[in-house]
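If you want the building blocks of each chain, they are given just below.
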Amino acid sequence: MAIELRNMTEGFADFLHDESRREGHAEKICFPTSGNDVFQALEMARQYNWPVTVQGGRTGITGGCVSDGGLIVNLSRMNAIGEIADGQMTVQPGVLLADVRAKLQGSGLFFPSDLTETSASIGGMVANNASGARSFKYGAVRNWIQSLEVLLPHGEAVRLERGVQKAEGLYFRIGSIEGELPSLGIPDGVKTAAGYFVEPDMDLVDMLVGAEGTLGVVTEVTLKLLPEPEQMNGLTAFFLSEAQALEFVRFLRDGFDPVAIEFFDFQSLELLRRMKKGVAAFADLPALNPEFHTALYFEFDSEVPDDVVSRCDDAIDCWLSEGEAEIAMLKNFRHAIPESVNMLIGQRRKLIPELTKLGTDMSVPDERLEAMMQMYHEGLAEAGLEYVIFGHIGNNHVHVNIIPRSMEEYNQGRALYLKWAEQVVAWGGSVSAEHGIGKNKTDFLKLMLGGEKLKAMQSVKKLFDPENRLNPGNLFPDVDA
Ligand SMILES: Cc1cc2nc3c(=O)[nH]c(=O)nc-3n(C[C@H](O)[C@H](O)[C@H](O)COP(=O)(O)OP(=O)(O)OC[C@H]3O[C@@H](n4cnc5c(N)ncnc54)[C@H](O)[C@@H]3O)c2cc1C
């Protein structure tokens with residue numbers, strides 16, 4: 001049966017944005033349930049000369065799944081989950097992280113990727129090489145992808161198996177596409193999700209992971225699973241100052257093997273206090289003592305080492321959560337921060353519709369941790385902006401969320417963000433550690449790579465998709481930028 005294409009005017013306005021609140025437009029939308037449906041959708045797009053935008057869970061925050069016209073291919077109905085076998089599980093791309101977790105319950109197996117947003121789809125996570133708190137130990141989702149089925153932009157289906165299809169030096173072949181990998185000089189030892197991952201002799205699965213849907217549509221994913229850790233212990237420590245918390249970060253990561261180290265600044269704790277008091281949906285958040293200035297959340301997939309327990313005396317309070325169920329409650333606390341920011345932005349947009357949140361996603365080398373925090377605080381204090389800082393401090397990767405009250409503040413925030421990005425690049429960091437570039441951060445990718453390397457990256461896109469049909473606007477603002 002031919003796939004049905006629906007007009008956007010038939011009540012599909014919700015599909016014109018993601019969590020960045022970027023608004024798009026499109027002529028048609030379709031909801032494939034199989035790889036063959038996706039193939040048909042690509043064929044029709046070619047026939048009518050429509051650009052194609054792929055969507056998963058639409059939780060992205062860079063506008064990557066927001067279309068600028070043409071056909072939206074929404075994969076949310078490709079949500080079949082296969083059986084678990086040999087420590088692996090095969091899923092369709094629209095399966096949500098929450099569904100994977102539910103399926104694994106009681107199996108004794110564990111999928112280490114733990115985004116804060118569990119309604120992200122596996123296809124979207126692959127496309128963005130997503131991370132989460134536990135990436136500090138387990139790495140980004142790339143590490144947990146065994147194989148992919150992909151439809152290339154011209155409609156050819158390919159299967160890529162880790163360890164099987166590899167580049168020979170710089171030469172690669174994926175299906176009928178072959179060429180030379182460019183040299184992009186990816187920052188060493190820094191967490192990054194900014195543009196294509198390429199290196200000599202690479203596993204070709206990794207070319208598609210993090211490509212933001214610009215090289216092909218992921219139609220099936222085989223996940224690698226780990227035995228479930230025998231225990232999981234999470235600690236939330238509250239400090240009187242940020243400096244004490246940063247010292248604790250160094251203590252933890254230099255001497256131990258935690259799974260995650262997460263950070264919540266003073267403003268984040270204040271926002272949670274305000275939300276608990278004023279918004280019914282947040283009433284169940286734990287009460288936070290007014291003395292708590294900065295918090296760290298860290299996790300061990302083993303007994304908490306004795307030295308760590310004694311060093312917790314440096315904190316004014318420390319909560320222990322044992323096992324996944326108690327940890328999940330604390331994760332609600334973490335999730336409440338971006339949710340609250342989004343709620344505030346939503347309220348302000350009613351008065352100023354152009355307003356969006358400004359969220360940073362940059363990482364720096366280990367030695368720049370304190371300098372990075374100082375740079376953020378100084379810039380924000382000088383500009384007098386409303387903000388929160390939270391996130392994956394173990395990887396020197398925190399999210400500064402600026403919550404503008406006017407377009408003037410928005411523009412001030414954007415200018416500040418650009419200045420920070422220049423400094424981060426000068427320090428050898430990445431302009432995107434986990435959210436990707438999408439359509440909202442293409443200027444930052446250009447800043448990080450420079451014109452020549454950006455062109456080299458685009459040469460890969462042109463090999464795969466000379467008509468620039470698939471996810472145009474992601475990574476590169478236009479084909480010849
Ligand atoms: C509250 C909140 C917390 C978050 N926390 C985290 C976090 O901890 N870590 C993190 O990494 N991210 C986080 N995110 C960002 C977001 O969840 C991730 O970027 C996620 O990977 C997006 O998945 P999705 O299914 O929603 O993709 P979408 O938003 O639908 O799409 C994202 C990109 O992937 C492409 N794409 C989607 N599916 C496919 C496919 N099958 N084939 C090819 N391309 C495809 C789209 O075209 C688009 O470019 C958070 C977001 C929110 C709102």
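Reading the values: rules and limits
Residues numbered from 1 in each chain as written. Predicted model: local features only at pLDDT ≥ 70, side-chain atom pairs only at ≥ 80, totals over all residues. Heavy atoms only, no water. Helix = DSSP H or I, 4+ residues; strand = E, 2+ residues; numbered from the N terminus. Buried < 20%, exposed > 50% of the residue type's maximum accessible area, 1.4 Å probe, protein only. Contact = heavy atoms within 4.5 Å. Domains from an automatic or database assignment. Buried area = accessible area lost by both parts, 1.4 Å probe. Salt bridge = Lys/Arg side-chain N within 4 Å of Asp/Glu carboxyl O. Nonpolar A, V, L, I, M, F, W, Y, C, P; charged D, E, K, R; others polar. Pairing = 2+ DSSP bridges. Axes fitted to C-alpha atoms, helices over the stretch in contact; angles between N-to-C directions. Parallel < 35°, antiparallel > 145°, perpendicular 65-115°, else oblique. Left-handed = near helix turned anticlockwise from the far one by under 90°. Expected span 1.5 Å × (residues − 1). Arc of directions from axis to C-beta. Phe/Tyr/Trp six-rings, centres within 6.5 Å; stacked < 30°, edge-to-face > 60°. Lys NZ or Arg CZ within 6 Å of the ring centre and 35° of its normal.

### Quick look at the overall build of the chain
Part 1 of the reasoning: Looking only at helices and strands, the chain features 12 helices and 20 strands.
Part 2 of the reasoning: Counting only C-alpha atoms, the chain reaches 65 × 55 × 45 Å along its principal axes.
Part 3 of the reasoning: With 481 residues in all, the chain has 56% of them scored as buried.
Part 4 of the reasoning: Of all intrachain contacts in the chain linking residues separated by at least 6 positions in sequence, the fraction that spans at least 24 positions is 72%.

### Things to note about the domain arrangement of the chain
A common way to express how large an interface is: the accessible area buried when the components associate.
Part 1 of the reasoning: Annotation of the chain at the domain level lists domain 1 (6-74), domain 2 (81-227 + 458-464) and domain 3 (233-426).
Part 2 of the reasoning: Measuring from the centre of the C-alpha atoms in domain 1 to the corresponding centre in domain 2 gives 21 Å.
Part 3 of the reasoning: Of the roughly 920 Å² buried between domain 1 and domain 2 on both sides combined, carbon and sulfur atoms contribute 64%.
Part 4 of the reasoning: Interface area lost by domain 1 to domain 2 is led by L42, V54 and T59, which between them contribute 39%.
Part 5 of the reasoning: Here domain 1 and domain 2 share 0 salt bridges between them.
Part 6 of the reasoning: For the side of domain 1 that touches domain 2, the element with the most residues is helix α1 (residues 35-48), which contributes 5 residues.
Part 7 of the reasoning: Split by residue class, the side of domain 1 that touches domain 2 holds 4 nonpolar, 6 polar and 1 charged.

### Focus: the sheet that holds strand β4 (residues 71-74)
Part 1 of the reasoning: With respect to topology, 4 strands assemble into an open sheet ordered β1-β2-β4-β3, the strand pairing being mixed. Sheet topology places β1 (6-7) and β3 (52-55) at the edges, where each strand pairs with a single neighbour.
Part 2 of the reasoning: Pairing analysis gives 2 bridges linking β1 to strand β2 (residues 28-30), with the strands arranged antiparallel. Opposite R6, over in β2, you have I29 as the bridge partner.
Part 3 of the reasoning: Running over the sheet, α1 touches β2, β3 and β4 and is turned about 175° from β4.

### Focus on the sheet that holds strand β6 (residues 88-91)
Part 1 of the reasoning: Judged by pairing direction, the sheet is antiparallel, and its 5 strands sit side by side in the order β5-β6-β12-β8-β9 without closing on themselves. Where the open sheet ends on each side, the last strands, each with one partner, are β5 (81-85) and β9 (157-161). The sheet shows a mean angle of 15° between the axes of neighbouring strands, taken without regard to direction.
Part 2 of the reasoning: Of the pairings in the sheet, the one linking strand β8 (residues 145-151) to β9 comprises 5 bridges and is antiparallel in character.

### Digging into the packing of helix α10 (residues 369-383) against helix α11 (residues 407-426)
Part 1 of the reasoning: It is at 11 Å that the axes of α10 and α11 come closest, and there the two elements cross at 160°. By the criterion of interaxial angle, the relationship of α10 to α11 is roughly antiparallel. The handedness of the crossing between α10 and α11 comes out as right-handed. Contacts between α10 and α11 involve M375, Y376, G379, L380 and A383 from the former and Q412, L416, W420, Q423 and V424 from the latter.

### Here's the deal with α10
Part 1 of the reasoning: For α10, which comprises 15 residues, the first-to-last C-alpha distance of 22 Å matches the rise-based estimate of 21 Å (1.5 Å per residue) to within 8%.
Part 2 of the reasoning: Taken as a whole, α10 has its buried residues at L369, M372, M373, M375, Y376, G379 and L380. The buried side chains of α10 occupy one side of the element, clustering within an arc of 155° when seen end-on. The outward face of α10, more than 90 degrees from its buried face, is lined by the exposed residues A381 and E382.
Part 3 of the reasoning: Buried residues along α10 sit in contact with α6 (242-255), β15 (260-264), β19 (387-392), β20 (397-402) and α11.
Part 4 of the reasoning: Within two residues after α10, G384 carries a phi angle of roughly 65°, on the positive side.

### Quick notes on the pattern of salt bridges
Part 1 of the reasoning: With the rule as written, the count across this model stands at 30 salt bridges.
Part 2 of the reasoning: Linking R134 and E324 is a salt bridge whose minimum nitrogen-to-oxygen distance equals 3.2 Å. Remark: E324 occurs in helix α9 (residues 323-351) and R134 occurs in the loop between α3 (122-128) and α4 (135-138); sequence separation between them is 190 residues.
Part 3 of the reasoning: Residue E149 pairs with R159 through a salt bridge whose shortest N-O separation is 3.4 Å. Residue E149 is found in strand β8, and its partner R159 is found in strand β9; the two are separated by 10 residues along the sequence.

### Notes on the packing of aromatic side chains
Part 1 of the reasoning: What the rule picks out here adds up to 18 aromatic pairs.
Part 2 of the reasoning: The interplanar angle of 75° and the centroid separation of 6.3 Å between the aromatic rings of Y138 and W144 together place this pair among those described as edge-to-face.
Part 3 of the reasoning: For Y138, a relative accessible area of 8% puts it in the buried group.
Part 4 of the reasoning: Geometrically, the ring pair formed by W319 and F333 is edge-to-face, given 6.4 Å between the ring centres and 65° between the ring planes. Residue W319 is located in strand β17 (residues 317-322), and its partner F333 is located in helix α9; the two are separated by 14 residues in the primary sequence.
Part 5 of the reasoning: Taken together, the ring pairs in this structure connect F238, F264, F292, W319 and F333 into an aromatic cluster.
Part 6 of the reasoning: Geometry around F15 places R58 over its ring, the cationic atom sitting 4.6 Å from the centre.
Part 7 of the reasoning: The lysine or arginine in question, R77, covers the ring of F31, its NZ or CZ lying 4.2 Å from the ring centre.

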